[in-house]
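Chains, contacts and geometry: an overview
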Protein chains: 2
Amino acid sequence: MNQYMQLAVEAAKKGMKASQGGPFGAVIVRNGEVIAVAHNEVLGTNDPTAHAEVAAIRKATAKLGRFHIPDCEIYSTCEPCPMCLAAIHWAGIRKLYFGADRHDSAIGNFDDLFIYQLMEGSADSPLLHPEIIDRKECAELFHLWNEKEDRVMY
Amino acid sequence: MNQYMQLAVEAAKKGMKASQGGPFGAVIVRNGEVIAVAHNEVLGTNDPTAHAEVAAIRKATAKLGRFHIPDCEIYSTCEPCPMCLAAIHWAGIRKLYFGADRHDSAIGNFDDLFIYQLMEGSADSPLLHPEIIDRKECAELFHLWNEKEDRVMY
């Protein structure tokens, strides 16, 4: 096995055994050095966003002291769900390795495949029928942002 | 304005003024009670996942002591990006209100529209060309999960 993926698999097993979360692990590597190892922590922390990839990104960015880590690669035991894929994009990571895919995760009754179908428009959810309110007042925030002279883009 | 959206807009302005993050705010409400108010914290925390909705979900689930909060509604000053939309799904929240949309956010040069295009297949990214490695060993994790008698689904 790939050495980093093996670390991710070991993390997944450890997290699962400790009932911290589902069977998912992720590793972030920079120039061959392991920067972060994480497993899913949804159950242990009661944080539904604490997927392995998000947990690894939080650790890596804290360690490196910056929110943009394009010099890093991420290894995930499973194809990232849309939350995690977008998180990887926001972190600026350009290289993704994964093992199992969204269809494999359905074996464990996880929603990854369903959420991809939502994003693609082939499944439905109340979240796809939001109520839009106070758009003018909210859109104005972007003009305030553009007027902020010391703004930092991310 | 809607009272909860007004709180979200105020949070966005506060976060922007304090250089904690971009012009985004979110509020989570349960039975008319405000459970969490948050603004984007990407710049203040160096956490690229600390969008307003994710920050609000983390606060609300910590406060309620559970990772699944289907009894809550979320108000966001802007249409959630795919990371946040999937996070809202994972939290079990069924009712979403937002103000500005992905096109408005492009005024501020944010990537929301681009990430939606990635998800829909009408834009490209290296993340859409992952390397798949060790699939067998990774998929095996889901069988281990199914064999775990005390597993909690989430």
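Being a predicted model, the structure only gives us computed values, none of them experimental.

**Overview of the relation of the copies chain B and chain A**
It takes a turn of 180 degrees to lay chain B on chain A, together with a shift of 0.0 Å along the axis; the resulting RMSD is 0.0 Å. Taken together, the turn and the small shift mark the pair as related by a two-fold rotation axis. In terms of C-alpha distance to the rotation axis, chain B has Met 83 of chain B as its closest residue, with the C-alpha 1.8 Å off the axis. Here 99% of the interface residues in chain B have copies in chain A that are interface residues too; the copies meet face to matching face.

**Regarding the packing of helix α3 (residues 52-64) of chain B against helix α4 (residues 82-90) of chain B**
Residues and elements named next belong to chain B. The geometry of α3 relative to α4 is characterised by a closest axis approach of 8 Å and an angle of 25 degrees between their N-to-C directions. Accordingly, the angle class assigned to the pair α3 and α4 is roughly parallel. As for the relative orientation of α3 and α4, their crossing is left-handed in sense. Of the residues in α4, those in contact with Glu 53, Val 54 and Ile 57 of α3 are Cys 84, Ala 87 and Ile 88.

**Describing the pairing of strand β4 (residues 95-100) of chain A**
Of all 6 residues that make up β4 of chain A, 5 are buried, and the element is covered over most of its length. Alignment of β4 of chain A against strand β5 (residues 131-132) of chain B, held across 2 bridges, turns out to be parallel. Within β5 of chain B, the position partnered with Phe 98 of chain A by the bridge is Ile 132 of chain B.

About the criteria used
- Residues numbered from 1 in each chain as written.
- Chains lettered and ligands numbered in written order.
- Predicted model: local features only at pLDDT ≥ 70, side-chain atom pairs only at ≥ 80, totals over all residues.
- Least-squares fit on C-alpha atoms with pLDDT ≥ 70 in both.
- Contact = placed C-beta atoms within 7 Å.
- Axes fitted to C-alpha atoms, helices over the stretch in contact; angles between N-to-C directions.
- Helix = DSSP H or I, 4+ residues; strand = E, 2+ residues; numbered from the N terminus.
- Parallel < 35°, antiparallel > 145°, perpendicular 65-115°, else oblique.
- Left-handed = near helix turned anticlockwise from the far one by under 90°.
- Buried ≥ 20, exposed ≤ 12 C-beta atoms within 10 Å, placed from the backbone.
- Pairing = 2+ DSSP bridges.

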